[in-house]
Amino acid sequence: MFGYRVPAPDEAMLISGGRRGLGGAPFRVVTGHGKFVLPVFRKTRFLTLSMCEAEVTETCVTRQGISLHVRAVIAFKVGNDTESIINAGQRFLSDQEQMSVLTGRIFAGHLRSIIGSMTVEEIVTERQKLASEVLDGSKAEMVKIGLTVDSLQIQSIDDMASGYIDAMAAPHSAAIQRQAQIAQAQANQAAAQAEQESQRKQAEYARQTAVVQAQYKAEIDKAQAEASQAGPLSQAQTQIGVINAQAELAQRQAELRQRQLVAEVVRPAEAEAEKVRVLAKADAERMRILAEAAASNDRVALDRMLIDQLPQIVKEAASGLAGANVNVLNGADGLSEIAAGLVGQGLTILDSIKKNLATGPEATAAASAEVVRVPDSQQDGRARN
């Protein structure tokens, strides 16, 4: 609508003309709503209520006489109350840029004053205290011009190459560096220990791996050796069996040969030796009978005949024994028994002849015939014994 004016949310509308404003102010203040303004008869102006910034760069001298170059930033604005708007409007409405300039000058003066009462150590270490004292000192003046300060920040403090701040920071820097070196050394030591521990674990793992690999290789080599020796071992065992069988066969062949030698050589030799003994015994018996016949006067002729025939009888019996297939089972004892039997038969025949001489010439001839023949059954029986 024509003549209706509305200020922005961050502005205050100042209407001049007509009746005066609050407290005898030359204008009325409108914020947050619109108002009908008569053209020509009324005049409207707008005052910003937004945040403004002022920067202060000032060279200050401390209580110690040391010059410091201080840079600070002030954030301020026109107060929200009507009184502050009126005060700010009366001073800055025609040139609102002057708010930052005037604010900077005000804070610069208070900054020099506060720094002049403090030491460099306090300024450097207690910046917040410095800012608070500057704000407190400038608050009354800022209220008079309708401004409020939201914050004051000390951006930098420079000793202008005097080296005071550096010298003041040297012990702390040295301590910090020392702590940093200690921390670095501890970190290096921890890193070295960690590296050593890692290498030890790697070496232990490598050792365990090598041991396991060696065990696996030993098992594999053993299995391969057993597999490679299985064939020769089996062949050797087979050869051992063959050799044992051949040795047993040789032993049995030797035993058989020994028996054959006994049957073919020893036994005939023993039989021949027994034959010689029998003949010797018969000859001795003949000599005994001759001696007895020589002592007997009445039977000399007869005994002479018998004595002459006795060796022939034994010889015939022995010759029959030598030609016979005699198996001697009990060795020399068996041969002795055969020889003794032959001699005993000869003596028995001799006695029988002597007893039959009284009966006549026929009995004597029969007895002589009996001397020459030895029964086969009697020979076989003695041979088997």
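Residues numbered from 1 in each chain as written. Predicted model: local features only at pLDDT ≥ 70, side-chain atom pairs only at ≥ 80, totals over all residues. Heavy atoms only, no water.

Q: Is there a simple way to think about the overall build of the chain in this case?
A: Of regular secondary structure, the chain possesses nine helices and eight strands. For the chain, the proportion of its 385 residues judged to be buried stands at 28%. For the chain, the proportion of contacts with a sequence separation of at least 24, taken over those separated by at least 6, is 69%. On the chain, roughly 24,400 Å² of surface is accessible, and the fraction owed to carbon and sulfur atoms is 54%. (Helix = DSSP H or I, 4+ residues; strand = E, 2+ residues; numbered from the N terminus. Buried < 20%, exposed > 50% of the residue type's maximum accessible area, 1.4 Å probe, protein only. Contact = heavy atoms within 4.5 Å. Areas by Shrake-Rupley, 256 points an atom, 1.4 Å probe, with all protein chains shown as cover.)

Q: Can you help me understand the confidence of the model for the chain in this one?
A: For any part of a model where pLDDT is low, the fine detail of the predicted coordinates should not be relied upon. For the chain, per-residue confidence averages 78 on the pLDDT scale, and 74% of positions sit at 70 or higher. Note on residues 328-332: pLDDT is under 50 here. Beyond four places in sequence and across chains, it has 10 contacts. The model gives residues 360-385 a pLDDT under 50, and that stretch makes 30 contacts with residues more than four places away or in other chains. (pLDDT = per-residue confidence, 0-100.)

Q: Sorry if this is basic, but what is going on with the pattern of salt bridges here?
A: A side chain with one charge can pair with a side chain of the opposite charge if their charged atoms come near. Using the criterion set out here, one finds 10 salt bridges in the structure. Put simply, Arg112 and Glu58 hold a salt bridge, and the shortest N to O gap is 2.2 Å. Here Arg112 is found in helix 2 (residues 98-116), whereas its partner Glu58 is found in strand 6 (residues 52-61), with 54 residues between them in sequence. Residue Glu58 is classed as buried on the basis of its relative accessible area, which comes to 18%. (Salt bridge = Lys/Arg side-chain N within 4 Å of Asp/Glu carboxyl O.)

Q: Would you mind going over the nonpolar core with me for this structure?
A: As a rule of thumb, nonpolar side chains are buried together in soluble globular proteins. Of all hydrophobic cores here, the largest spans 42 residues; its most connected members are Leu68, Val78, Leu111, Leu130 and Leu147. The set of elements that each furnish at least two residues to this core consists of strand 2 (11-16), strand 6, strand 7 (67-78), helix 1 (82-92), helix 2, helix 3 (120-125), helix 4 (127-144) and strand 8 (147-158). A per-element tally of this core places helix 2 first, with seven residues. Contact partners of Val78, with chain neighbours within four places excluded, come to Leu47, Thr48, Leu49, Ser84, Ile85, Ala88, Met99, Gly146 and Leu147. (Core = buried A, V, L, I, M, F, W, Y, C linked by side-chain atoms within 4.5 Å.)

Q: So what exactly am I meant to see when it comes to the packing of helix 2 against helix 4 here?
A: In a packed pair of helices, the relevant descriptors are the angle between the two axes and the axis-to-axis distance. At a closest axis distance of 9 Å, the pairing of helix 2 and helix 4 adopts a crossing angle of 130 degrees. Between helix 2 and helix 4, the crossing angle belongs to the class labelled oblique. Relative to helix 4, the crossing made by helix 2 is right-handed. On helix 4, the residues that touch Thr103, Ile106, Phe107, His110, Leu111, Ile114 and Ile115 of helix 2 are Leu130, Glu133, Val134, Leu135, Gly137, Ser138, Glu141 and Met142. For the contact of helix 2 with helix 4, the residue count by class is nine nonpolar, four polar and two charged. (Axes fitted to C-alpha atoms, helices over the stretch in contact; angles between N-to-C directions. Parallel < 35°, antiparallel > 145°, perpendicular 65-115°, else oblique. Left-handed = near helix turned anticlockwise from the far one by under 90°. Nonpolar A, V, L, I, M, F, W, Y, C, P; charged D, E, K, R; others polar.)

Q: Which parts of the structure should I look at to understand unusual backbone geometry?
A: Leaving glycine aside, a negative phi is the common case for residues, and trans is the common case for peptide bonds. Positive phi, close to 60 degrees, is recorded for Met160, a residue that is not glycine. For Met160, the position within the fold is in the loop between strand 8 and helix 5 (164-295). Backbone geometry places Ala161, a non-glycine residue, at a positive phi of 65 degrees. In this fold, Ala161 is placed in the loop between strand 8 and helix 5. We classify Ala161 as exposed; its relative accessible area is 76%.

Q: For this particular structure, what's the right way to read the pairing of strand 2?
A: A regular strand places its side chains so that they alternate between the two faces of the sheet. Relative to strand 5 (residues 43-48), strand 2 is paired through six bridges, and the arrangement is antiparallel. Bridge pairing in strand 5 links Ile15 to Thr44. With four bridges joining them, strand 2 and strand 3 (residues 27-30) adopt antiparallel strand pairing. The residue of strand 3 that forms the bridge with Ile15 is Arg28. (Pairing = 2+ DSSP bridges.)

Q: I keep staring at the sheet that holds strand 8 and nothing clicks. Help me out?
A: Whether parallel or antiparallel, the strands of a sheet pair through hydrogen bonds between backbone atoms. Taken together, the three strands give an open sheet; going across it, the order is 6-7-8, and neighbouring strands pair in antiparallel fashion. Strands with a single pairing partner mark the edges of an open sheet, and in this sheet they are strand 6 and strand 8. When strand polarity is set aside, the average angle formed by the axes of neighbouring strands in this sheet is 20 degrees.

Q: Even after reading the chapter, I still don't get helix 2, so can you show me in this structure?
A: Residue pairs spaced three or four apart in an α-helix point in one direction, given the helix's 3.6 residues per turn. Taking 1.5 Å per residue as the helical rise, helix 2 with its 19 residues ought to reach 27 Å, and the 27 Å between its terminal C-alpha atoms agrees with that figure. Looking at helix 2, one finds that the buried residues are Met99, Thr103, Gly104, Ile106, Phe107, Ala108, His110, Leu111, Ile114 and Ile115. (Expected span 1.5 Å × (residues − 1).)

Q: Is there a simple way to explain the sheet that holds strand 2 in this structure?
A: With respect to topology, three strands assemble into an open sheet ordered 3-2-5, the strand pairing being antiparallel. The two strands at the open ends of the sheet, each matched to only one other strand, are strand 3 and strand 5. The average angle at which neighbouring strand axes cross in this sheet is 30 degrees, direction not considered.

Q: What is the right way to read helix 4 from this model?
A: The end-to-end C-alpha distance of helix 4, which contains 18 residues, comes to 27 Å, matching closely the 26 Å that a straight helix rising 1.5 Å per residue would cover. The sharpest bend along helix 4 comes to roughly 45 degrees, located at Ser138. Just past helix 4, the residue Gly146 takes up positive phi, approximately 80 degrees. (Bend = angle between axes of the 7 residues up to and from the residue.)

Q: What am I meant to see in the side chain of Glu58 here?
A: There is a polar contact of 2.2 Å between the side chain of Glu58 and the side chain of Arg112. Leave out the neighbours within four places in its chain, and Glu58 touches Leu68, His69, Val70, Ala108 and Arg112. (Polar contact = N/O pair within 3.5 Å; in protein donor to acceptor, adjacent residues only side chain to side chain.)

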